[in-house]
Amino acid sequence: MGSTNSTLLKIPNVEVLMQETGFSPAHIIRLHDRFKALDKEGRGYLCPQDFGAIKELAMNPIGDRIIGAFFSPGKETVDFHTFVKILAHFRPVDKDRPKEPNSLEPINSRSNKLKFAFQLYDQDKDGKISRDELLKVLRAMLGMQVTEEQLESIADRTIQEADLDRDDAISFEEFRKSLEKVNIDHKMSIRFLR
């Protein structure tokens with residue numbers, strides 16, 4: 001237990017970080033170890049290239065978009081606190097955790113998970129998923145498995161079904177509505193963090 005406490009004491013504002021993310025001390029330590037392993041040069045921050053060591057991301061067809069989600073526009077580094085907050089989106093929802101009055105919505109809430117997923121599509125950050133943005137993701141995910149004509153058909157049908165205001169794009173609200181019946185907690189959770 002002494003080792004756990006000494007590691008936690010090295011992390012600035014760790015109590016606030018645990019409260020914001022819902023991660024336990026053991027999770028924070030595991031994530032801190034992972035962060036240090038990725039930060040091979042000991043700089044105290046990660047660059048996009050550092051994520052190349054994560055084989056699941058390297059194999060993921062939209063891994064570059066997931067990595068990009070860790071970085072604010074124009075920023076090429078991410079510190080430990082930001083790293084943990086991004087990963088908190090993938091923490092399973094703790095249904096037993098009491099909701100404190102006047103507290104912010106948890107990072108891993110359904111709404112925040114959907115916002116995170118939405119930004120993976122909305123690459124120009126205009127608040128809408130265009131046909132071209134959707135096609136880029138479909139090409140990355142399906143690649144050579146289907147023809148370009150089939151990809152375009154899938155994109156057109158998806159936009160047609162989700163685009164309620166008929167502006168030829170999918171807003172966040174339309175995205176949220178189209179995924180109402182999808183178990184986002186299951187699809188966007190990393191179970192090994194339990």
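Reading the values: the criteria
- Residues numbered from 1 in each chain as written.
- Predicted model: local features only at pLDDT ≥ 70, side-chain atom pairs only at ≥ 80, totals over all residues.
- Heavy atoms only, no water.
- Helix = DSSP H or I, 4+ residues; strand = E, 2+ residues; numbered from the N terminus.
- Buried < 20%, exposed > 50% of the residue type's maximum accessible area, 1.4 Å probe, protein only.
- Contact = heavy atoms within 4.5 Å.
- Areas by Shrake-Rupley, 256 points an atom, 1.4 Å probe, with all protein chains shown as cover.
- Lys, Arg positive; Asp, Glu negative; His and termini not counted.
- Charge placed at Lys NZ, Arg CZ, Asp CG, Glu CD.
- Salt bridge = Lys/Arg side-chain N within 4 Å of Asp/Glu carboxyl O.
- UniProt positions renumbered as here; feature names shortened; annotations may be inferred.
- Phe/Tyr/Trp six-rings, centres within 6.5 Å; stacked < 30°, edge-to-face > 60°.
- Domains from an automatic or database assignment.
- Buried area = accessible area lost by both parts, 1.4 Å probe.
- Polar contact = N/O pair within 3.5 Å; in protein donor to acceptor, adjacent residues only side chain to side chain.
- Core = buried A, V, L, I, M, F, W, Y, C linked by side-chain atoms within 4.5 Å.

### Here we look at the overall build of the protein
When you go through the protein residue by residue, the secondary structure sums to 11 helices and two strands. Reported as C-alpha extents along the three principal axes, the dimensions of the protein are approximately 60 × 40 × 30 Å. Taking all 194 residues of the protein together, the buried fraction comes to 39%. For the protein, long-range pairs separated by at least 24 residues make up 57% of all intrachain contacts whose partners lie at least 6 apart in sequence. Carbon and sulfur atoms make up 54% of the accessible area of the protein, which totals about 12000 Å². Seen as two clouds, the 30 positive and the 32 negative side-chain charges of the protein have centres 6 Å apart.

### So, the pattern of salt bridges
One pass over the full model with this rule turns up 13 salt bridges. Taking the shortest distance from any N to any O, the salt bridge between arginine 176 and glutamate 173 comes out at 2.2 Å. Here arginine 176 pairs with glutamate 173, and both are found in helix 10 (residues 172–178), just three residues apart, close to one helical turn. With a relative accessible area of 43%, glutamate 173 lands in the partly exposed category. By sharing partners, the salt bridges in this structure join Asp39, Glu41, Arg43 and Asp50 into a single network.

### As for the UniProt feature "domain: EF-hand" (unreviewed entry) in the protein
Under the local residue numbering, the UniProt record ascribes the feature "domain: EF-hand" (unreviewed entry) to residues 109–144 and 150–185. In the segment residues 109–144, helix accounts for 67% and strand for 8%; the C-alpha atoms at its two ends are 35 Å apart. This span, residues 150–185, is 61% helix and 8% strand, and a straight line between its end C-alpha atoms measures 29 Å.

### Some thoughts on the packing of aromatic side chains
All chains considered together, the criterion is met by 10 aromatic pairs. Cluster of aromatic residues (ring-pair linked, three or more members): Phe35, Phe51, Phe70, Phe71, Phe80 and Phe83.

### Describing the domain arrangement of the protein
As assigned here, the protein comprises domain 1 (13–89) and domain 2 (105–184). On a C-alpha basis, the centroid separation for the pair domain 1 and domain 2 is 24 Å. With 11 residues of domain 1 in contact, the opposing surface of domain 2 contributes 14 residues. Summing both partners gives a buried area of about 1100 Å² for domain 1 against domain 2, and 69% of it is carried by carbon and sulfur. Its largest share of buried area at the contact with domain 2, domain 1 owes to Ile62, Arg65 and His89, together 57% of the area lost on that side. Joining domain 1 to domain 2, the criterion identifies zero salt bridges. Our count for the domain 1 to domain 2 interface comes out at two residue pairs in polar contact (both at pLDDT 80 or more).

### Points about unusual backbone geometry
Positive phi, normally seen in glycine, also occurs at lysine 125, with a value near 55°. Considering the arrangement of structural elements, one finds lysine 125 in the loop between helix 7 (110–121) and strand 1 (128–130).

### Observations regarding the nonpolar core
If you look at the biggest cluster of nonpolar residues, it comprises 50 residues, and the most contacted ones within it are Ile28, Phe51, Phe70, Phe80, Phe83, Val84 and Phe175. Those elements that provide at least two residues to this core are helix 2 (14–21), helix 3 (25–38), helix 5 (63–68), helix 6 (80–87), helix 7, helix 8 (131–142), helix 9 (148–162) and helix 10. Domain assignment of the residues forming this core places at least three in each of domain 1 (13–89) and domain 2 (105–184). Contacts of phenylalanine 80, omitting those with residues within four sequence positions, involve Ile11, Leu17, Ile28, Leu31, His32 and Phe35.

### Digging into the side chain of glutamate 174
Tracing the backbone shows glutamate 174 in helix 10. We note that glutamate 174 is buried and unpaired, the nearest opposite charge coming from lysine 128 at a distance of 5.0 Å. In this structure the side chain of glutamate 174 is engaged in a polar contact, spanning 2.8 Å, whose partner is the backbone nitrogen of serine 171.

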